[in-house]
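Reading the structure
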Amino acid sequence: MEEEEIMWKLDSNSVESATIGRVMSTLLSSRPRKLQEAIFRFGSNPHQTSVSSSDESLWFLNKYVTDAVEKKDSLDQILVPMIESSLKYRGRKHSNQPMIILNWLFQEKLLCKALVTSLATMISRKEDRYIALGWCTLVRELLEVEITMTQPTKNGVSENYYALLEILCACIPRLTVIMCDGSGLQDGSELPTRLSVAAADCFLALTEALTRKTLLSKVPSRNNASNSVVALSRIAENKVEPVTTSSEASNNVELDWLLWDHLDELIVLVQKLVAWNRKSRPLYAKGLEQVLKWLEEIKSHYGNFPDEHHKCLSLSWKTDKKILKTGVLLLSSCWKHYSRLLHLEDHKISQHYKDLLEQYLSGIQFYTENCTEKRTENGDTTGIETRKFFLNCLSLLLGRFDQQQFDRIMLEYGIEISNALLSQFHSADEDVIEGSFSIFKAAVFKANYSSSQSRSTGTSMMDSVVPSLLDLLNERNVTSKAVVMLVAEYCFINTDGHCLQEILKLLDSPNALQRTNAVDVVRELIRISSDSVHVLSNSMWQDVAKRLLERLADEEPEIRSNTSNLLPMIDPSLIFPSLVHLFYSSDERVCLSASDALIAVLKYHSEKHEVIFMLLDSLSNLTQSLDIPDSSRDKGQGGSMLDFDKVRMLIAEWSKSVKDWKLLIEPLIDKMLAEPSNANIVKFLSHISEHLADNADIVFSRVLLHMKGQELDKSFFARPDSRTCTSNDSDAFTRSLFDRLCPLLIIRLLPLRVFNHLQSRVLYGQCNEVLLHASKNGDIDMNRHDCVATLLMNRAFGKFEFEDVRKLAAELCGRFHPKVLFPIISSQLEHAAESQDILKIKACLFCICTSLVVRGWDPKFCNVLLKVRNSIEKVLLWRSLEGDEGSSIIYPLLTVSKAQHGCIDCLALMICAEVQTPESIRNSSTSENIVAGKMCSRSPTLNYVISQLMHGKHEFMSPPKLNSKTYISESSFPLPFRICMANTLISACQKISDIGREPFAQMTLPHLVHSIEVVRDQEIRAACIQVVFSVVYHVKSAVLPFAPDILEVALKSLREGSEKEKMAGAKLMASLMASEDPILECISEGLLEARSLLSVMSSTDPSPDLRQLCKKLLVCLTSP
C-alpha cells in the first residue's frame, strides 16, 4: 500500500507539473488585453474540466501558487517560464504578459513576498547563464513596469514596491559579481558580454528605483526648465528638504539607506562602465570618470560617520547623524539623475533628449550668470558643484549618442552648447574646466558634418569660437591649459592653416605668456599629429619649424627650454641645417639652446642613422659655406665656427642613449667610404671609437669588402713630374688617394684592443697558415685578400702605392698582435735587406717602431727582435748614397739614407722599450747601478749600441756598398756605422719617457764617460761627448749622480780635445750650467775652474765660434 501511495504521489506531481507548464504557456501566449480581461473576471469558478481558457488557467495558477506558498514549495515552475518569455520577447511591443501576471499575483501580499523572495534567490541558485540573462531582463522590466489596466483593478507592483525593492536589493552583490566576471579583453580594451551588460542595467534599474520617490512625473519642457534647474540645483548644492514623519517619508528614508549601504557596489559599477566605454565612447567615459570621482568623494567625506545601524553613544552622535543623513540624501538625490543616463541599453532616452539637453544647458547658464565662485564660511563654493553636476549630466547625455544622432544634435544645438561651454573656461575650478573641455572638444571639433551644408555650419561654428579661445591665451592658468589643447585640436583639423598661422604669430608676441602658451599649442599639435594617421602638410611643418627655431633666442629660459624639447618631434630634415648654424652662433644664449635642442634631437632619434647623416652633412655644408682662408679660420672668428670639438659633447650625450649600435655602425662606415674626403665623418667616428671596437667584426667586414673592390691606376706612378698633369688628372689622383686612405683611416680609429683577437677570421684569417707561409719562403702572397691583415700588408709593401697610404698601412700593421707581426716582419725585413728594397725596409721598420710604441717590450720576442737587429745592422753598414764616408758628427743625419734613418729610430725605440720595462725601472734604484754604472742585462739593444760605439768590433763580414757587389774586408766596423750608433743614443734620449730617464742615465752615462777617456779616435770621442750632451739636455735631473764626472769630461775636452771635442765640450758645459739647482750645487766647486778655463779660451782659442761661445758662458758664470 505504501508503494502504491508513493507511485500515486509521483504520478500526481508529474501531472501537476505538466498542467502548470500548459497553464503558463497559455497565459504567456495570450494577448495582453485578453489576459487583463480574464484577470478582471477572475472570481467565478469555471465548470469546464479541461484547462483551455485564460480564466481556467488563471484559476489553476492562483491555486498552484497559493498551495506552493502554504507548503513552502518551489515556485521555479512559475518564474522560469516568465524569465524565458521576458528574454525571448525582450524589446517587443505587447510582450508584457509576465508583468501582467506578476502584477495580478502581487495583489496578495503573501504571494508577492513569496514570489519575490523566490525570484531573488534564483539568481544565486541557478548557475545557468541563460537563466541569469533572462532574470536580469525580467527584474529590470518589473522595476520599470508601467501597466495600464483596461478594467479598474489594484496595482500589485506599486502597492508592494517598497517590499519588492527591499528583497531585491539583496541581489546587488551577486549582480556585481556577474558584471565583473563578464568582462573580457579585446585588442587591449575591456569589453562586456551580453550577460554583464544585462547585469549592469539591472543593477542601475534597481538602484534607480531606490530613488524613484523624487522622480518627476513628466520630463520638464523648455517652458518650465527654470523650475527644473532650481530643483536640480538644490540637489547638487546639498540643499535637501527635511525629512517628514509620514509613513511614505519613512519608507523613502529606508530606501535612501539601502542605496547608501551599496555605495561600494555603485563605485565598482561605474568603474566597469568607464572601462567598457573608454575606447568606444570617450566623451561618455569622461562623464563616467567624473561621476566616479564624485562617488569616491562622497564615500571619503561621509563614509567615516556611523550610520543608523551602528549608532554610538558619544555626545557627537546627533551632529554626525545629521552630516551622514546629508550625504545619504545627496547620494540618493543625484543618483536618480545619473542612473537614468548610465544604462547601456536604453532606447527611451532618445525620445526626450531635447528636454534633458535644454534643462542641462539652462542650468549651466543660470548658475554661471547668477552665482559666483566665492567660498562660503563652511568652505563650500556656491554654484561650482551645481555646474559640475550639470556638466557631468551633459557629458553623459551627449556621449551616449552614435555619430549620426550626435551630428543631428550639433546642427541644432551646436552654437548654444559652445557658448555655454566657453563661459565655463573662465572658472577657477579644474573639474569645471576639464568637464567643459571634454564636451567642447567632442561637440565642436569631433562632429562629422557629412553634407556640404552641415560642413559649412560646423566650420562656421568653429571659426566663430576660435577668436574667443585665442583671447584666453593671455594668461597662464587652468583655463589656458584647456584652451591650448582645444586650439591645437582645431589647428590640426583646420586644413587652410589659418588658425595655425594665428598661433605662429603669437610666438612673436611681446607678451611672454602668449609666447609660452603658443609653444604649448604647438607641442599639443605635434602630439595629436603623431597619434593620428592624418598629418599636416609639409608647408605647415616648415612654418612651425622655422618659428620654433627662432624661439631658441627667446629671452625667457622656459620658452627656450620648451622649444628645445619640441624640436626632436619635428622632421629632422626641416631643422638640422638651421639648428647646426645656430649651434655655432656667437650668441652664447642661442648656442646653449641650440646645443640642448641638438642633444634632444639626437637622443630622440638615437638609432636612426639618417639623423646622424643630416648632422654630418649640415656640418660639411656649414664648413663649405664659410668662404674664409685657412689662416684666418685658425685665428679669427671663423676658427670657432669650424671647431668640431664642440660637437664632441653632443656625440657623448647621444651615444649614451644608443642601445643597438649594430643598426648604426654599418651605415656610418658606408657613408665614410662613400665620402672619403669628408673630415667631419672621421672626427665623428673617432668619438665613438669604443663602440666601433665593440662591433669590430662589422667594421672590418665593411672595410674588407670595400678594399677588395678597389683598383689602383698604376699610371699615377709612371709620371716623372706630377706638376705636368692636367687638372682632371690631378683631381683623379686626389680622389684615388683619398679612396685608398679612407678604409685605413677607419681602422686607425679603432683602439688597440681589437687587434688582440687572434681568432678573428675577418682580421687575421687563418693566422697559422699566414705564419707558416711567411716562415717558409719569407714572403707573403700579395694577391691574397682573405682578411684585413693581408690587405694591409699588401698596401704597406706594394710597389705601386701612394706614399701616405703605405705609411698608414705600415702603422696599422704595427698594431697587429706580436704573434702575427714579428715572425712576418722579421722575415720580410731580412729579405728586403738582402735585396736592398728600401721601400719595403722602411715599411718594415715603421711597423716595428709602431709596435714598440703602442705595445712596448715583450721578452718573449727577444729572438725575433735579435733577427731584426741583425737586418738593421746590414742596412746601416751600407755606404751612404752621397758617398761621404767621413761625414761630420755635427750633421750625421744628412749623410745617411732614409732607410738608415729608419734603422736608427728603430734601434732607439728598441732601447726605450727595453729600458722602460718595470724590471729595469726597479733595478735602477739599487745602489750598485748608481755607483758602478753597470750595464743592465735586460737591455741587450742598449748594450749592443754602446759596444759598437766604443769598440767597433763584430764577427761577420762587412756588407757591401749600396748597389755594389764589392765587400769591405776590414775586421772592424767603419766610422759611419759607429756614428750611427751615437745617433741612435741621441735619438733614444729624445724619445725616452719620464719613467725611463733614470734607468737610461744609469745604464748609459758611466760607459760614455769611460769611453771618452779611453777611446783614441777623435771623431768617436766627439760623438760620445755629444751623446752625453743630449743625455744631460733631455734626461735632466736623472744625471745628478754623474754630474761631477760629466763636468770633468767637459773641462778636459776644452783643455785637451780637438776642435770638434772642444765645441762639443762647450755645449756640454752650457747644458750643465742650464740644469736644475741640485745639479748646479753638485758642480759648484768645479765651476770655479771652468770660469778660469773659459776666460783663457775666450781670448786665445783659434776658433772664432768657440771663442764666442766661451764668452757667452763666461758672462753667465760671472753675472750676479
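None of the values given here were measured: they were computed from a predicted structure. (Residues numbered from 1 in each chain as written. Predicted model: local features only at pLDDT ≥ 70, side-chain atom pairs only at ≥ 80, totals over all residues. Heavy atoms only, no water.)

**Some details on the overall build of the chain**
Threshold: Counting from the N terminus, the helices are the DSSP runs of H or I reaching at least four residues and the strands are the DSSP runs of E reaching at least two. Burial classification: accessible surface area is computed with a 1.4 Å probe over protein chains only, and a residue below 20% of its type maximum counts as buried, one above 50% as exposed, and the rest as partly exposed. Surface accessibility follows the Shrake-Rupley procedure with a 1.4 Å probe radius. Residue values consider only the protein chains on display as shielding.
On a plain count of helices and strands, the chain comes out with 56 helices and two strands. Counting the 1120 residues in the chain, one finds 51% classified as buried. Carbon and sulfur atoms form 50% of the exposed surface of the chain, whose accessible area is close to 53500 Å².

**Digging into the pairing of strand β1 (residues 183–186)**
To be explicit about the condition: Only when DSSP finds a minimum of two bridges between them are two strands counted as paired.
Sheet topology note: the β1/strand β2 (residues 189–192) ladder contains four bridges and is antiparallel. From the neighbouring strand, Gln 186 faces β2, where its bridge partner is Ser 189. Where β1 folds back onto β2 in an antiparallel hairpin, the turn is made up of two residues, including Asp 187, whose phi is positive at roughly 55°.

**What about the nonpolar core?**
Let me state the cut-off plainly: Buried Ala, Val, Leu, Ile, Met, Phe, Trp, Tyr and Cys residues form a nonpolar core when they are joined through side-chain atoms within 4.5 Å. By definition, residues are in contact when any of their heavy atoms lie within 4.5 Å.
In this structure, Leu 61, Trp 135 and Trp 335 are the most contacted members of the largest nonpolar core, which totals 345 residues. Tallying contributions element by element places helix α45 (residues 898–915) first for this core, with twelve residues. Those residues in contact with Trp 135, other than ones at most four positions away along the chain, are Ile 83, Leu 119, Ala 120, Met 122, Ile 123, Cys 171, Leu 175 and Cys 202.

**A few points about the environment of Ala 132**
Checked against the element boundaries, Ala 132 lands in helix α7 (residues 129–144). On the accessibility criterion, Ala 132 (9% relative accessible area) is buried. Once you skip the residues sitting within four places of it in the chain, Ala 132 turns out to touch Ile 123 and Leu 195.

**Comments concerning the environment of Lys 546**
Summarising the element assignment, Lys 546 is placed in helix α25 (residues 538–550). Distance from Lys 546 to Ile 575, taken between C-alpha atoms, is 7.6 Å for residues 29 residues apart in sequence.

**Re the packing of aromatic side chains**
Applicable threshold: Pairing of aromatic side chains requires ring centres within 6.5 Å, counting the rings of Phe and Tyr and the six-membered ring of Trp. Pairs whose planes differ by under 30 degrees are stacked, by over 60 edge-to-face, and all others tilted. Only lysine NZ and arginine CZ atoms are considered, and such an atom sits over a ring when it is within 6 Å of the ring centre and within 35 degrees of the ring normal.
Here the structure, examined in full by the defined rule, presents 15 aromatic pairs. Aromatic pair Trp 294 and Tyr 338: ring centres 5.4 Å apart, planes at 70°, arrangement edge-to-face. You can see Trp 294 sitting in helix α15 (residues 282–302) and its partner Tyr 338 sitting in helix α16 (residues 317–342), a full 44 residues away along the chain. For the residue pair Trp 294 and Tyr 338, the accessibility class agrees, reading buried in each case. One aromatic cluster in this structure is built from Trp 294, Tyr 338, Phe 389 and Phe 390. Just above the ring of Phe 613 sits the side chain of Lys 671; from NZ or CZ to the centre is 4.9 Å. A cation over a ring is seen here: Lys 1036 above Tyr 1033, with NZ or CZ 5.6 Å from the ring centre.

**What to know about the packing of helix α52 (residues 1043–1056) against helix α55 (residues 1084–1100)**
Selection criterion: Comment: axis = line fitted to C-alpha atoms, over the contacting stretch for helices; angle = value between 0 and 180 degrees taken between N-to-C directions. In these notes the angle categories are as follows: under 35 degrees is roughly parallel, over 145 is roughly antiparallel, 65 to 115 is roughly perpendicular, and the rest is oblique. Here is the rule for handedness: rotate from the far helix to the near one, and if that takes an anticlockwise turn smaller than a right angle the crossing is left-handed, while a clockwise turn gives right-handed. When residues are grouped by polarity, Ala, Val, Leu, Ile, Met, Phe, Trp, Tyr, Cys and Pro land in nonpolar, Asp, Glu, Lys and Arg in charged, and all others, Gly among them, in polar.
One way to put it is that α52 packs onto α55 with a least axis distance of 11 Å and a crossing angle of 20°. Regarding the angle of α52 to α55, the classification is roughly parallel. Handedness of the α52/α55 crossing: left-handed. Contacts between α52 and α55 involve Leu 1047, Leu 1051, Leu 1054 and Arg 1055 from the first element and Gly 1086, Leu 1087, Glu 1089, Ala 1090, Leu 1093, Leu 1094 and Met 1097 from the second. The residue makeup of the contact of α52 with α55, split by class, is eight nonpolar, one polar and two charged.

**Focus on the packing of α25 against helix α27 (residues 572–583)**
Contact pair α25 / α27: the axes reach a minimum separation of 10 Å and the direction vectors enclose 15°. Comparing the axis directions of α25 and α27 gives the class roughly parallel. In this structure, the crossing between α25 and α27 has a hand that is right-handed. Counting all contacts with α25, which are made through Asn 538, Trp 541, Gln 542, Ala 545 and Leu 549, the residues of α27 involved are Leu 574, Ile 575, Ser 578, Leu 579 and Leu 582. Taken together, the residues of the contact of α25 with α27 break down into seven nonpolar, three polar and no charged.

**Topic: unusual backbone geometry**
Among all residues except glycine, the phi angle is most often negative; among peptide bonds, the trans geometry is most common. Even without a glycine there, the phi angle at Lys 72 is positive, about 60°. Residue placement: Lys 72 occurs in the loop between α3 (54–71) and α4 (76–88). For Lys 72, a relative accessible area of 75% gives the class exposed. The residue Lys 1036 is not glycine, and still its phi comes out positive at about 60°. Position of Lys 1036 relative to the elements: it lies in the loop between α51 (1018–1035) and α52. Its relative accessible area of 40% is what places Lys 1036 among the partly exposed residues.

**Section: the environment of Gln 948**
As for its position among the elements, Gln 948 is in helix α48 (residues 940–950). For Gln 948, a relative accessible area of 3% corresponds to the buried category. Taking the C-alpha atoms as reference, Gln 948 lies 8.0 Å from Phe 973; in sequence the two are 25 residues apart.

**With respect to the pattern of salt bridges**
What counts here: Salt bridges are defined as contacts in which a side-chain nitrogen from Lys or Arg sits within 4 Å of a carboxyl oxygen from Asp or Glu.
Enumeration according to the criterion identifies 47 salt bridges in this entry. As a salt-bridge pair, Lys 63 and Asp 67 come within 3.0 Å of each other at their nearest N and O atoms. With Lys 63 and Asp 67 both in helix α3 and four residues apart, the pair spans about one turn of that helix. By sharing partners, the salt bridges in this structure join Asp 508, Arg 515, Arg 547, Arg 551 and Asp 554 into a single network.

**Some points on α25**
Going by this rule: Here the expected length of a helix is defined as 1.5 Å per residue gap, with one fewer gap than residues. Of all possible arcs, the one meant is that of the directions from the helix axis to the C-beta atoms.
Compared with the 18 Å implied by 1.5 Å per residue over 13 residues, the 19 Å span of α25 between its first and last C-alpha is a close match. Those residues of α25 lying buried are Met 540, Trp 541, Val 544, Ala 545, Leu 548 and Leu 549. Across the axial projection of α25, the buried residues extend over an arc of 160°, all falling on one side. Taken together, the buried residues of α25 touch α23 (498–506), α24 (512–531), α26 (557–566) and α27.

**Examining the side chain of Ser 1098**
Assignment of secondary structure puts Ser 1098 in helix α55. Look at Ser 1098 and you get buried, because its relative accessible area is 9%. Excluding anything up to four places from it in sequence, Ser 1098 contacts Arg 1107, Cys 1110, Lys 1111 and Leu 1114.

**Concerning the state of the cysteines**
Covalent bonding between the sulfur atoms of two cysteines defines a disulfide. To be explicit about the condition: When two cysteine sulfur atoms are found within 2.5 Å, that pair is recorded as a disulfide.
Here the structure, examined in full by the defined rule, presents zero disulfides. With no disulfide partner, Cys 136 has as its closest neighbouring cysteine sulfur the one in Cys 202, 4.8 Å distant. With a relative accessible area of 2%, Cys 136 lands in the buried category. Its sulfur unpaired, Cys 393 is 8.1 Å from the next cysteine sulfur, which belongs to Cys 334. Since its relative accessible area comes to 0%, Cys 393 is described here as buried.

**Remarks on the confidence of the model for the chain**
Atom-level detail of predicted coordinates should not be read off regions where pLDDT is low. Just so we agree on the cut-off: Note on scores: pLDDT gives the predictor's confidence for each residue, bounded by 0 and 100.
Here the chain averages 78 in pLDDT, and 78% of its residues register 70 or above. A low-confidence stretch, residues 1–12 (pLDDT under 50), is modelled with zero contacts involving residues beyond four sequence positions or located in other chains.

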